[in-house]
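Structural characterization, general
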Amino acid sequence: MSKHEFMRELTGLLKSIPEHERIDILADYEEHFNTAISNGLPELDIVNALGSPRIIVKEIIAENRIERAEQHSSIPNLLTAIFAIISLGFLNLVFVLGPFIGISAVIFALFVAALTLVIAPFGMLIFGGFTEFWRSSFLIITSISFGVLLGIGMLYVSRWFFKMFVYYLQFNLSVIRRKNQ
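What counts as what
- Residues numbered from 1 in each chain as written.
- Predicted model: local features only at pLDDT ≥ 70, side-chain atom pairs only at ≥ 80, totals over all residues.
- Heavy atoms only, no water.
- Helix = DSSP H or I, 4+ residues; strand = E, 2+ residues; numbered from the N terminus.
- Buried < 20%, exposed > 50% of the residue type's maximum accessible area, 1.4 Å probe, protein only.
- Contact = heavy atoms within 4.5 Å.
- Areas by Shrake-Rupley, 256 points an atom, 1.4 Å probe, with all protein chains shown as cover.
- Lys, Arg positive; Asp, Glu negative; His and termini not counted.
- Charge placed at Lys NZ, Arg CZ, Asp CG, Glu CD.
- Axes fitted to C-alpha atoms, helices over the stretch in contact; angles between N-to-C directions.
- Parallel < 35°, antiparallel > 145°, perpendicular 65-115°, else oblique.
- Left-handed = near helix turned anticlockwise from the far one by under 90°.
- Nonpolar A, V, L, I, M, F, W, Y, C, P; charged D, E, K, R; others polar.
- Polar contact = N/O pair within 3.5 Å; in protein donor to acceptor, adjacent residues only side chain to side chain.
- Salt bridge = Lys/Arg side-chain N within 4 Å of Asp/Glu carboxyl O.
- Arc of directions from axis to C-beta.
- Patch = residues over 30% accessible without salt bridge, like charges linked within 9 Å, V, L, I, M, F, W, Y side chains within 5 Å.

Focus: the overall build of the chain
What the chain contains, in helices and strands, is seven helices and zero strands. Taken from N to C terminus, the helices and strands of the chain fall in the order α-α-α-α-α-α-α. Its C-alpha atoms put the chain at 90 × 30 × 20 Å along the principal axes. A total of 181 residues make up the chain; the buried ones form 30% of that total. Sequence separation of 24 or more characterises 65% of the internal contacts of the chain that already satisfy a separation of 6 or more. On the chain, roughly 11500 Å² of surface is accessible, and the fraction owed to carbon and sulfur atoms is 68%. Across the chain, the 14 positively charged side chains and the 15 negatively charged ones have centroids separated by 10 Å.

This is the structure:
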């Protein structure tokens, strides 16, 4: 593959990237080619050292998605970053999606437990009657308090998990890049 073919393929694959970033990326690769050619390297060796434009673009897209998830914390941004990393290799399905699903399920279960602790006393009022409700007022207050505290704690845990998982995705991308070089 020649420099022209490499740059044409890279340009075509970068269409999903915002234009200002695409221009910067293409300029960086053009400069890389010019520097290597001025040092006496043949185009074929440069292209072989750079690797496949498809893999390069997948890594760039994954990096952009991770940055977006880091800057704008939301579940959709995190999920797009996860799927961008998974697209880089089959083993990422196990190393990225597995831990995400497992930890997310535990966090979800603890949120449900917090909600249950808050709602359960009101079920006691409905099904046990008002007198039973007042007899168990200490247990009711304790249940609601633990539920609220657990819910607040889980908000902090879920925010921490989001940040840590973004760091994990960045680490995973850096490992993949080292493997591809």
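Some points on the packing of helix α1 (residues 3-13) against helix α2 (residues 19-38)
Each pair of packed helices can be described by the angle between their axes along with the distance between the axes. Packing of α1 against α2 brings their axes to within 11 Å, and their N-to-C directions diverge by 165 degrees. Taken together, the axes of α1 and α2 are roughly antiparallel relative to one another. Our pair here, α1 against α2, has a crossing hand that is right-handed. Where α1 approaches α2, its residues K3, F6, M7, L10 and T11 are matched on the opposing element by R22, L26, Y29, E30, F33, N34 and I37. Here the contact of α1 with α2 is composed, by residue class, of seven nonpolar, two polar and three charged.

Quick look at the side chain of S143
Tracing the sequence through the fold places S143 in helix α7 (residues 137-180). On the accessibility criterion, S143 (14% relative accessible area) is buried. Reaching out from S143, the side chain makes a polar contact with the backbone oxygen of L117 at a distance of 2.6 Å. Contact partners of S143, with chain neighbours within four places excluded, come to L117, V118 and P121.

Here we look at the pattern of salt bridges
Counted under the stated rule, the structure contains one salt bridge. The partner of K3 in a salt bridge is E30, with the nearest N and O atoms 2.5 Å apart. With K3 in helix α1 and E30 in helix α2, this pair connects stretches of sequence that are 27 residues apart. Residue K3 is classed as buried on the basis of its relative accessible area of 15%.

Comments concerning the packing of helix α4 (residues 53-71) against helix α5 (residues 75-86)
One can describe the packing of α4 onto α5 by two numbers: an axis separation of 8 Å at closest approach and a directional angle of 160 degrees. Compared by their axis directions, α4 and α5 come out roughly antiparallel. Between α4 and α5 the crossing geometry is left-handed. Contacts between α4 and α5 pair A62, R65, I66, R68 and A69 from the former with N77, L78, T80, A81, A84 and I85 from the latter. Tallied by class, residues from the contact of α4 with α5 come to seven nonpolar, two polar and two charged.

Things to note about α1
Taken together, the buried positions of α1 are K3, F6, M7 and L10. Buried residues of α1, seen end-on, are gathered within an arc of 95 degrees and therefore sit on one face of the element. Exposed and facing more than 90 degrees away from the buried side of α1 are H4 and R8.

Remarks on a nonpolar patch on the surface
Residues F90, L91, L93, V94 and F95 make up a contiguous nonpolar surface patch of roughly 520 Å² in combined accessible area. One can find V94 in helix α6 (residues 91-135). For V94, a relative accessible area of 49% gives the class partly exposed.

Notes on the environment of A49
Here A49 lies in helix α3 (residues 43-50). On the basis of relative accessible area, A49 is assigned to the exposed category, the value being 64%.

That is the geometry; function is a separate question.
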